[in-house]
Every structure is written in C-alpha cells, then in structure tokens.
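Secondary and tertiary structure notes
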Amino acid sequence: MAKITLENIRHSYMPEPKKNEDYALQQIDAEWSDGSAYALLGPSGCGKTTLLNIISGLLTPSEGRVLFDESDVTDTPTTERQIAQVFQFPVVYDTMTVFDNLAFPLRNRGIAEDKVKTRVNEVAKMLDLENSLNKRAAGLTADGKQKISLGRGLVREDVNVIMFDEPLTVIDPHLKWLLRSKLKELHQQLGRTMIYVTHDQTEALTFADHVVVMYDGTVVQVGTPIELFEHPAHTFVGHFIGSPGMNILPCEMSDGAAHFAGNQVQTACTNLPSNGSDNIEVGVRPEFVEFDDEGLPVEIIKVDDLGRHQIVLARHDSNLIKMIVAEDAQIPSENPCISFSPAQTRLYKDSWVID
Amino acid sequence: MSKTTNQKAWIFVIPVVVLVAFNALIPLMTVVNYSVQETFGNNVFFWEGVKWFEEVLNSSRFHASFLRQLAFTGTILLIEIPLGIAVALSMPKKGPWVSVCLVMMALPLLIPWNVVGAMWNIFALPDIGLLGRMINGLGINYNFTQQPAAAWITTIVMDVWHWTSLVVLLSYAGLCAIPDAYYQAAKIDGASAWAVFWRIQLPKMKRVLTIAILLRFMDSFMIYTEPFVLTGGGPGNTTTFLSIDLVKIALGQFDLGPAAAMSLIYFFVVLLLCWVFYTLMMRDEEQ
Amino acid sequence: MPNYMNFKKWLLPTIYILFLMLPIYWLLNMSFKTTNEILGTFSLYPQNFTWANYEKIFTDPTWYNGYLNSITYVVMNTVISLLVALPAAYAFSRYRFLGDKHLFFWLLTNRMAPPAVFALPFFQLYSAVELFDTHIAVALAHCLFNIPLAVWILEGFMSGVPKELDETAFLDGYSFPRFFVRIFIPTIVAGIGVAAFFTFMYSWVELLLAKTLTSVAAKPIAATMTRTASTAGYELGLLAAAGTLTIVPGAFVIYFVRNYIAKGFAMGRV
C-alpha cells in the first residue's frame, strides 16, 4: 500500500505549450492516503484520464513529480510501479482461458506455479469466476471480461493502487449496479487504495469515500459526497452534483448586500464582497428553494412529477430557476413566489465560493 | 461475439447477392456448358460428358503445370506473408512518415500487370537492365531468358515486389485497429514483446490475415499476365504456370471444351484449398 | 526509448521501400527515353532526355481518354461496391441467418476461377442487356470480384467492434440509420479505407473484362497499353510513360484514405 503524492503536476499534450489553454492539466497538487476509495469525477475532457495515466505511469507529466510513499516514481515505468488498471472496455487475452488470463501477470514476474494456482483460485472466488476458469476468455460477457480485467489487478499482491477508467461504460445497465456493489465490497474486504474515474455522479458518490471533482484541468474540490453536496466550493461542483444541479443566478452587490433581480438575498456568506464587484453569482440547490408568499414572483413553466418528488421549472425575467418540492405539495396557481433558504444559499465570485 | 438469429438480415444482403450473382451465374453456366460438349466449329455441339475432364486430369502436361503452380504459390506465400507482417509491425503508427510509407508501399500494386511484367523484363535483362547488370557485375552469371533457375527466381522476386504490399497494408490496418488499452494492459501485466505479438497482435489480426492469405493464394494460383510478359512461360516451359497453360490451350488451340473443363477443375482445386484453410482459421469463432 | 532501438525498427521499412522504389525508378527512367535508347544502351539516366512519350499521352485522345474512361468506371465500381457491401457486412457480422456461412464463402468463390474462359460469356451477357461499350458495364462486371472483397474486408473490421456498442446506442434511443452513420461508421473507418483502396486497385488493373466489354466509347487505359505492346511493336518508352501515369490516380486514393487506415479503432469516449 502506498501514499500517493502529486507535486506541481502540469501536463500538456503539445510539444511547446504557451498558454494555459494548451495544458490538459493546469496544476495539480494532491496527497492521497492509503486504503481509501477515491473517485475522480468530471465531464469529458476535464483531464481525469490524463491524471489517471500519469499516476499509472502510462504518461509522463510535462512538469511536476509523482511520489509513491516518499520515493519519486515520475520516471519509473508502469511495470515497476505496482499498479493495476481496469479500462473503459474489457481487455482480455482472447486466446487464453480465464485461468491463464488471471495467471498471466504472475507468470510474467516469475512466480512459482503452485503459488500462481492458489492465488488465481482465491481471486476467482472473490469475483465469482470459479466456474469459468477453464473457459476461453473470449467467450465471456462484457461484465465477465471486466471482472477478468479486475482480477488481473487483484491477483498481484504487491499492487499499490487499483485504477478504474470508467469501467462500467459497456456493461448492461442492470448489471452495472451488481458490479459496482462488488467493487465496493472488494474495497472493504481488501483495503487497497482505489481510484475510480467517472463522469457519472451516481457511480462516484456511491463508490467513493472521497470525491475529487475536476473541471477543465484543475481539481476544484475534494471532499466526501456530503461535503460536495452541502458545501460546493465551485459553481461547477454545485451544478454537476445533484439532480438537477444547483441554480446559479447572476447577482449584484449594492448597499452592502447581495441582490438578485433587484431583490435582496440573504446568504450564508460572512465576508460579503464590496459593492459593485464583478462576476458575482448566487447559488442555491433546488432542494432549498421554497414557495413563499413574500418572496420573488415567478412564472411557472413546467412541473415534472417524478413520483417521490416534483421538479418545478420557474422563471423570473430571463432566469430559469429549478425547485424540488414534495410529491404532495401544492403548487400555487396564482402569483407564485419563491424564496431561498438563507443557510443554504451561497455567493460565488469568479465561480469560487465566498465563505 | 454472440450473434443474434434474425432472418430479416437477408434484406441487407440482397443487393450484394443480386449484383454478384448476375455476373456469376450466367457465365458460369455457359462455361459448364462448354466443358461437357465438343465442337468442330459452325456452332454445332456434341455432348461429350466427362471426356474433357478425364483428358485434362490424365494429361501429364496438366500435372506438370499444376506442380509448378503449387511450388510457385507455396514459395511466395512463405515469403510474402511473414515479410508483410514484419514490415507492418515495424511501420510507425503516427507522425508524418505514415503517409510517406503508405503511399510508397502502395505504388507497386497500382501498376497494370502487363507493365509490371514488361518493366521487370527490361529491368532484369543482363545487358540493358539495372538488375541484370548489377548481378552480372557481382560475378554471378545471370540470364533469366536462358536459365530456368534464374527465371524462377526473377519471377518470384517480381511477385514479392509486386504483391507484398497487399499483405503489409492489410496487416497494418489490422494492427492500427487494436486499441491502445491492450498495449497499456500488457505493460501493466509485465508482458514481454514476444507475448504482446503472440497474444495480442497476432490474434487481433487473424481476420485480416485470413483475407490476405486467401487473396494471395487465389491471385498467385491464377497468375497469368506478369510471368507471361516476363518470361513467356520459358525458358521452354519451366515457368509455365497453370493459367498460362490454360490460355495456351483455350486461345492457342481454340479447344473450348478442354479449356472449359480445365477452368472448372482449376476452380474446384482453388475452392477446396480455400475452404479447408478458411475452416481451419475460423473454427474457433463459433461457440 | 534509446536511440538504437528506434534505428533497428526503421531499418526494415526503409530497406523494403528502397527495394520497391528501385524498379519504379527504372520505369521512370525508361519513360524519358526513346524505345531505341532503352533497347540499345544501358544508362542510369536518359542520355537523350525526351518528353515525347508524355507528350503523346497528353495530346492523343485515344490515350488520355483511356485514363478518363478507366477512372470513370473504377470510381463507379468503388462507390457501388462499398455502398452495397457495408450493410451486407454488417449483417454477416452481427446476425445469424439461414445460409449465412455458405453465402459468405460463396462470395469469395467468385474470385477463384481464372477469367480467360469467361471472357466470351461475359461479352454475350452484357451485349444481351445492351450495355456493351459503356462505363457502367465494366463497373458492374467488376462487382463480381470486388463486392466479395469489400464484404470480406469490412466484415473483418466490423467484427472487431463489440456488439455492446450497438446495444448501448439503441438503448440511448438512436434509430438504426442514425446509429449506423454517426456511431458505427466512424469506428470502422480503417476498414472502409482499406476496402476502398483495394476495390479501386483491383478494378483499376483489371484488363480482360475491361477490354472485352468495351470497344471505343469506354475503352480503358489498360487496353490502350496492350495495343501499344502488340500492333505498333513494343513501344517501350510510351508504355513506360503510360505505366508511370497509371500510378498517379491510385496514389491519390491511398493518400486520401491514409488517415482512415492509420486511425484505427477509437472506442468513442462517452
């Protein structure tokens, strides 16, 4: 097991990067301690796969260092880093049996055959693959093959960290849940550090102890799923997490208070920015927007009944505001007005939260 | 991959069947017709049954060209397939040289076959050809118009020059189709370069290699123009391969009957060998 | 990677390409000489450099029409072959149906007989449907061997694309045509590039049927070249120049599809 440290990592795919935009990873400093389950969450193109490949050694960063425990492994090749990786689509050696697939990493490292046998059987049991050991790997279904990919990582005892690059992409939806639970179970059983890259917040929030949210090449927030939900540090986090995401509305500072659409807004912010500041936004989750007769008048455009709750799409001038109300709540038909719950309303400057 | 059974898939296939069958069936029937009849001219035909087939199959001339053909095809397959794969493996996958390589390798394939024969003819002549002069300049007595061995070697080298690029292009495309993740996983698993070739690259190239081998087999088994223009089948009949002999019979002696019969025998031989090979290559696909 | 390893890898393709270029250089050399010089002397470069061969080709209609005719029917054939082969290859790759394995193999059998004896029946067939001496006749006739080739190549590449991709797309609500064009085809561009090039190539160099089915209006370049070899005696210089020029259209094709061939299979990032 190891602690992974990323120091001043910047990476560009271009030979001579000049501006910030040329970098796929802008600046990453992170320390990930052992044994935890991490999720790297972010939209396509935010740099999460780049980061993953830098950790696994498949990519050497343009700048910065990677440390496993305290040793610098930036230039160490992948084979020597003792990591395992599961890819987006199943990678198996078609011509070999399931047994040989699982044994492959061990045999390549010269491990004795009887040890190989024991180990492979152990791992096959963990993954429910015991009955397929003698079948040709090519004949398994997608989730079976992903299990083999995972198995090849688990079978080596010296693995520091297992990395998953959107591994459930090609799995049937009803099997995704099973495989995800299996991964969580394995993590709790084995206690190895696991890093799971995904753009699906459900996967990230259910799997990880800590979620690393990435956007446009930087880490915008690291925290537990609850922290991310209740205290988004960046408008992107607010917007990306939660279904539907946070409402981000334009805001002006005047008379020492925040104003949205001419109305004063109470927020949880203690260090208010000065009057006339630019790029201020107010963020509030749909869960914390309520009907309030003394609030801001809005026009209701659409109501979606999702069973457990209803999602109301309201509009004030050109701003769309989403609300979540209880399933049996009454939607006022005349002059609906809303207000934001102050404790859960935050101010953001240049997309970063002001506390 | 697991295929689903669906008879409606025939709709996708019908245009192909129509276009190919239109060209295949009627001419084939005509040839079959000729092969079982005798004509003395004036469009008068007599039924002869299997006479032509027996005649051809028992002729020592046929046996001789057949054996020559087998030797030729066997040799070029043994050279072109490994060479083609090796070149494809060593070609770059990215960068400016890819275009250069692909275009230059494709050039021999594009030259009409009679020009290929003609240019190698001059190229290999001992007095006015570059190759001929070079070899004789090294002290080796080389004259492909008179020496059977030289004629064989020249024909084989010409074929390797002409067609190896087909194997290269197919193999290269097959290689490029292998996703990076396989190579990455192999690195993580600590696989040796040989293991990568044997367990990842070669299996993933199986289908394109099958096509390449079948194509080379069929085309070389039917080869006509290039060796005919190069050596005329000589010296004597040492490089008279099966097709050359067939054309001599068909057009030279205008014996349609034996020619048609020979064509059909030819066809069945190629068919049988291809079918055997194809079945072997694909036997582990359906489970 | 240490430098010496790169060098060893480069050695083979370099030697191979040099091997390929030597006779082509010789061909080019001959194209700038007169036939007399070719047969009379040995020289690495033309002693009496002449453009005459190329001039003849560019000015004599029989010659340049030959090129235009060839390009016309070859392009027609390539387009037709690819268009019908794509759905068929998809069917072979994804579905089981009655007679599928036999049908697949039957396609290839159409390349297994030497064409010589079939020339006359082909002539009779296309005359009967009144398509003699047209471009479409040759384009259709070449379908005999090119469609099977296209189907086989495309099927080979399609089988490398997991069926899960199709299923995911259908679950996401794609209609079949939209899936095929927007998702499937981009993953098999390498196969399409290869199939396009080989279809072009085999049709381009095919001599016998092209000659048999045409006389004047659609006469291909290959036929004009054989005429050079027989009637006017062996006009080697002219033949060499014509041969060099025949390389050009094909070179364009491979250049055009080079990126598709090298692109390979990129499982679309969802």
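The structure displayed is predicted, hence computed values, not measured ones. (Residues numbered from 1 in each chain as written. Chains lettered and ligands numbered in written order. Predicted model: local features only at pLDDT ≥ 70, side-chain atom pairs only at ≥ 80, totals over all residues.)

Focus: the overall build of chain A
The helix and strand inventory of chain A stands at 8 helices and 21 strands. Overall, chain A is about 75 × 50 × 30 Å in size when its C-alpha atoms are taken along their principal axes. Split into buried and exposed, the 355 residues of chain A put 41% on the buried side. Counting only contacts in chain A whose residues sit at least 6 apart along the sequence, the fraction spanning at least 24 positions is 65%. (Helix = DSSP H or I, 4+ residues; strand = E, 2+ residues; numbered from the N terminus. Buried ≥ 20, exposed ≤ 12 C-beta atoms within 10 Å, placed from the backbone. Contact = placed C-beta atoms within 7 Å.)

A closer look at the overall build of chain C
Helices and strands together make up the secondary structure of chain C, namely 13 helices and 1 strand. Start at the N end of chain C and walk to the C end: the helices and strands fall as α-α-α-α-β-α-α-α-α-α-α-α-α-α. Oriented by its inertia axes, the alpha-carbon framework of chain C measures out at about 70 × 65 × 30 Å. Every one of the 270 residues in chain C was classed for burial, and the buried ones make up 47%. Long-range pairs, those at least 24 residues apart, make up 79% of the contacts in chain C between residues at least 6 apart in sequence.

Describing helix α10 (residues 189-205) of chain C
Across its 17 residues, α10(C) extends 24 Å between first and last C-alpha, which sits within 8% of the 24 Å expected from 1.5 Å per residue. When you tally the buried positions in α10(C), you get 17 out of 17 residues, the bulk of the element. (Expected span 1.5 Å × (residues − 1).)

Description of the interface of chain B and chain A
The partner chain A presents 18 residues to the 13 residues of chain B that form the contact. At the level of secondary structure, the elements contributing two or more residues to the side of chain B that touches chain A comprise α8 (180-188) and α9 (193-204) of chain B. Among the elements that line the side of chain B that touches chain A, the one with the most residues is α8(B), at 6 residues.

Regarding the nonpolar core
By size, the foremost hydrophobic cluster in this structure holds 161 residues, and its most contacted members are Ala85(C) and Val151(C). A total of 17 residues in this core trace back to one element, the largest contributor, which is helix α7 (residues 135-158) of chain C. Counting 99 residues, the second-largest nonpolar core is a separate cluster that includes Cys46(A), Ala84(A), Met246(A) and Cys251(A). (Core = buried A, V, L, I, M, F, W, Y, C linked by C-beta atoms within 7 Å.)

What about the environment of Trp163(B)?
Here Trp163(B) lies in helix α7 (residues 148-176). The class of Trp163(B) is buried, set by 23 C-beta atoms lying within 10 Å.

Some details on the interface of chain C and chain B
By a widespread convention, an interface's size corresponds to the accessible area lost as its parts come together. Residue-level contacts link 85 residues of chain C with 81 residues of chain B. Here the side of chain C that touches chain B takes 14 residues from helix α13 (residues 236-263) of chain C, the largest share from any one element. Here the side of chain C that touches chain B is composed, by residue class, of 67 nonpolar, 11 polar and 7 charged. (Nonpolar A, V, L, I, M, F, W, Y, C, P; charged D, E, K, R; others polar.)

Describing the environment of Thr76(A)
Residues and elements named next belong to chain A. Locating Thr76 in the fold gives a position in the loop between β5 (71-72) and β6 (83-86). Using a count of 15 C-beta atoms within 10 Å as the deciding quantity, one classes Thr76 as partly exposed. Expressed as a C-alpha distance, the spacing of Thr76 and Val66, which sit 10 residues apart in the sequence, is 9.6 Å. What Thr76 contacts, discounting residues up to four positions off in sequence, is Gly57 and Arg81.

A few points about the domain arrangement of chain A
All names here are of chain A. Once the domains are mapped, chain A shows domain 1 (4-238) and domain 2 (247-354). The C-alpha centroid of domain 2 is placed 38 Å from the C-alpha centroid of domain 1. Partitioned by chemical class, the residues of the side of domain 1 that touches domain 2 number 3 nonpolar, 3 polar and no charged. (Domains from an automatic or database assignment.)

Considering the environment of Cys143(C)
Tracing the backbone shows Cys143(C) in helix α7. Cys143(C) gets classed as buried once you count the C-beta atoms within 10 Å, which come to 27. Sequence spacing of Cys143(C) and Phe104(C) is 39 residues, and the spatial spacing of their C-alpha atoms is 15 Å. In this structure Cys143(C) touches Leu19(B), Val20(B), Asn23(B), Asn77(C), Ile80(C) and Ser81(C), once residues within four positions along its chain are discounted.

Details of the sheet that holds strand β14 (residues 280-284) of chain A
Residue and element names in this part refer to chain A. Judged by pairing direction, the sheet is antiparallel, and its 6 strands sit side by side in the order β13-β12-β11-β14-β20-β21 without closing on themselves. One side of each edge strand has no neighbouring strand; the edge strands of this open sheet are β13 (263-265) and β21 (352-354). The mean inter-strand angle of the sheet, taken between neighbouring strand axes irrespective of direction, is 50°. The sheet contact formed by strand β20 (residues 345-349) and β21 spans 3 bridges and is antiparallel. Looking at β21, one finds that Tyr348 is bridged to Val353. (Pairing = 2+ DSSP bridges. Axes fitted to C-alpha atoms, helices over the stretch in contact; angles between N-to-C directions.)

Observations regarding the confidence of the model for chain C
All names here are of chain C. On average, residues of chain C score 83 in pLDDT, and 91% of them are at 70 or above. The low-confidence segment residues 1-5, where pLDDT is below 50, has 1 contact with residues more than four positions distant or belonging to other chains. Throughout residues 265-270 the model reports pLDDT below 50, and contacts reaching past four residues in sequence, or to other chains, amount to 12 contacts. Two numbers describe this predicted complex: its pTM, 0.82, and its ipTM, 0.85. (pLDDT = per-residue confidence, 0-100.)

Quick look at the packing of helix α4 (residues 61-94) of chain C against α7(C)
Residues and elements named next belong to chain C. Closest axis-to-axis distance for the α4/α7 pair is 6 Å, and the angle between their directions is 40°. Every pair of crossing elements has a handedness; the one defined by α4 and α7 is right-handed. Residues that form the contact of α4 with α7 fall into these classes: 20 nonpolar, 8 polar and 1 charged. (Left-handed = near helix turned anticlockwise from the far one by under 90°.)

So, the sheet that holds strand β17 (residues 309-316) of chain A
All names here are of chain A. Pairing within the open sheet is antiparallel, and its 3 strands lie in the order β16-β17-β18. Looking at the sheet topology across the chains shown, the edges are occupied by β16 (299-305) and β18 (319-326). When strand polarity is set aside, the average angle formed by the axes of neighbouring strands in this sheet is 20°. With 8 bridges joining them, β17 and β18 adopt antiparallel strand pairing. Bridge pairing in β18 links Gln310 to Val325.

Notes on unusual backbone geometry
Residues and elements named next belong to chain A. For the peptide bond that leads from Ser243 to Pro244, omega is -5°, which places it in the cis range. With respect to the secondary-structure elements, Pro244 resides in the loop between α8 (235-240) and β11 (247-254). The phi dihedral of Asp128 falls on the positive side, at around 60°, and the residue is not glycine. Assignment of secondary structure puts Asp128 in the loop between α3 (113-126) and α4 (142-154). The exposure class assigned to Asp128 is exposed, which follows from the 12 C-beta atoms found within 10 Å. Backbone geometry at Asn335 places phi at a positive 45°, although glycine is not the residue there. Note on placement: Asn335 falls in the loop between β18 and β19 (337-340).

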